[in-house]
Structures are given as structure tokens and as C-alpha cells.
Amino acid sequence: MTLTEIGCCGAYCATCKEWKERTCKGCKMGYDTGERDLSRAKCKIKVCCIGKGFVSCADCPDIQKCQVINDFHSKKSYKYGKYKQAIEFIKQNGYDEFMKIADTWTNAYGKYK
Ligand code: SF4
Ligand code: SF4
């Protein structure tokens, strides 16, 4: 799997059912090829993150004070906390370690050992 399949917010597109069934275009796929236009994207997180050239918000030096990502990660549903955990894991362990674990998941988030 590739870095492109890691969503800016920490969702992992590569193992997500919606992505596999192509009912979702994923977070970042197609913007580098011109197939999709970032100026038309609705998600503020990815507009900011891709626009700044980051793989994910884990690369951002301003993440602690970023209201956009912190509000998103604080939303009530379980998955948002898991996306936050992914970003924190990446910050501590890097993308290669993240993908080794994430590639065993069956959804856009999962367990860590
Ligand atoms: S919520 Fe935004 S940043 Fe997260 S995966 Fe979806 S499009 Fe990407
Ligand atoms: S400013 Fe916020 S949304 Fe933009 S890259 Fe940094 S953490 Fe992500």
C-alpha cells in the first residue's frame, strides 16, 4: 500500500471497504494526477494538508493548536478517536510502522499491538 492511501486525518483508505468497492474515491487519490481538483474538495482538513504538501496532519507542526483537526478528532463517534490515534501513532513511529499494522485491518481504522 502507499502513503497516498493514508487519509490526512488518520483514516486509512487502503483497507476501507468503501474504497475497495470503489464507492469512495478515498481521501487523496487523484489529486496528484489532476483527475480531481483540490479547490473543489469539501473537506477542510485535506485541502489544508494536501495544500501544504503533507502526507497527513501528523507532519504538521501546528497540529496541537489546529482547531480544524482537533474539532474533527473530538467528534463523538468512535472512529474519530481512532483517526486521532492513527495520527499520534504516525507521529511517534512513522509511516512505515503504521502501514505494517494498518494493512492488517479490515476498515479505515483498527487495533494496535
Ligand atoms: S475526513 Fe477529510 S481528511 Fe479525513 S479521510 Fe475524509 S477527506 Fe480525508
Ligand atoms: S493546519 Fe490543521 S488541517 Fe492543516 S495540516 Fe495542520 S493539522 Fe492538518
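Conventions we followed
- Residues numbered from 1 in each chain as written.
- Chains lettered and ligands numbered in written order.
- Predicted model: local features only at pLDDT ≥ 70, side-chain atom pairs only at ≥ 80, totals over all residues.
- Heavy atoms only, no water.
- Helix = DSSP H or I, 4+ residues; strand = E, 2+ residues; numbered from the N terminus.
- Contact = heavy atoms within 4.5 Å.
- 1 Å grid on protein atoms, 1.4 Å probe; cavity = no way out; pocket = protein on both sides within 12 Å on 5 of 7 lines; lining within 4 Å.
- Points joined across faces, edges and corners; volume = space filled by probe spheres on them.
- Nonpolar A, V, L, I, M, F, W, Y, C, P; charged D, E, K, R; others polar.
- Core = buried A, V, L, I, M, F, W, Y, C linked by side-chain atoms within 4.5 Å.
- Buried < 20%, exposed > 50% of the residue type's maximum accessible area, 1.4 Å probe, protein only.
- Salt bridge = Lys/Arg side-chain N within 4 Å of Asp/Glu carboxyl O.

K.L.:
Please clarify how the environment of cysteine 9 should be interpreted in this entry.
P.N.:
Inspection of the secondary structure assignment puts cysteine 9 in the segment before α1 (17-20). C-alpha of cysteine 9 to C-alpha of asparagine 70: the two residues are 61 residues apart in sequence and 9.9 Å apart in space. The residues touching cysteine 9, leaving out its near neighbours within four places in the chain, are Ile45, Ile69, Phe72, His73, Tyr83 and Ile87.

K.L.:
Would you mind showing me how to read the layout of surface pockets here?
P.N.:
Take a probe with the size of a water molecule and roll it over the atoms, and the empty space left behind shows itself. Taken as a whole, the largest pocket holds about 410 Å³ of empty space. Lining the largest pocket we find 20 residues, and of these Cys9, Ala11, Cys27, Phe72 and Tyr83 sit closest to its centre. For the lining of the largest pocket, the element with the highest residue contribution is helix α4 (residues 78-93), accounting for 3 residues. In terms of residue class, the lining of the largest pocket is built from 15 nonpolar, 2 polar and 3 charged.

K.L.:
So what exactly am I meant to see when it comes to the nonpolar core here?
P.N.:
One broad rule of soluble globular proteins: the nonpolar side chains tend to lie buried together. Counting residues in each nonpolar core, the largest one holds 32 residues, and the members touching the most others are Tyr12 and Phe98. Mapped by element, the contributors of at least two residues to this core are α2 (44-51), α3 (67-73), α4 and α5 (95-102). When neighbours within four sequence positions are excluded, tyrosine 12 is seen to be in contact with Met1, Glu5, Ile6, Phe98, Met99, Ala102, Asp103, Trp105, Asn107 and Ala108.

K.L.:
What is the right way to read the pattern of salt bridges from this model?
P.N.:
Between side chains of opposite charge, a pair can form when the charged atoms approach closely. Tallied over the entire structure, the rule returns 3 salt bridges. Notably, a salt bridge pairs lysine 17 with glutamate 21, separated by 3.8 Å at the nearest N-O pair. For glutamate 21, a relative accessible area of 48% puts it in the partly exposed group. One salt bridge in this structure joins aspartate 62 and lysine 65, with 3.8 Å as the shortest N-O distance.

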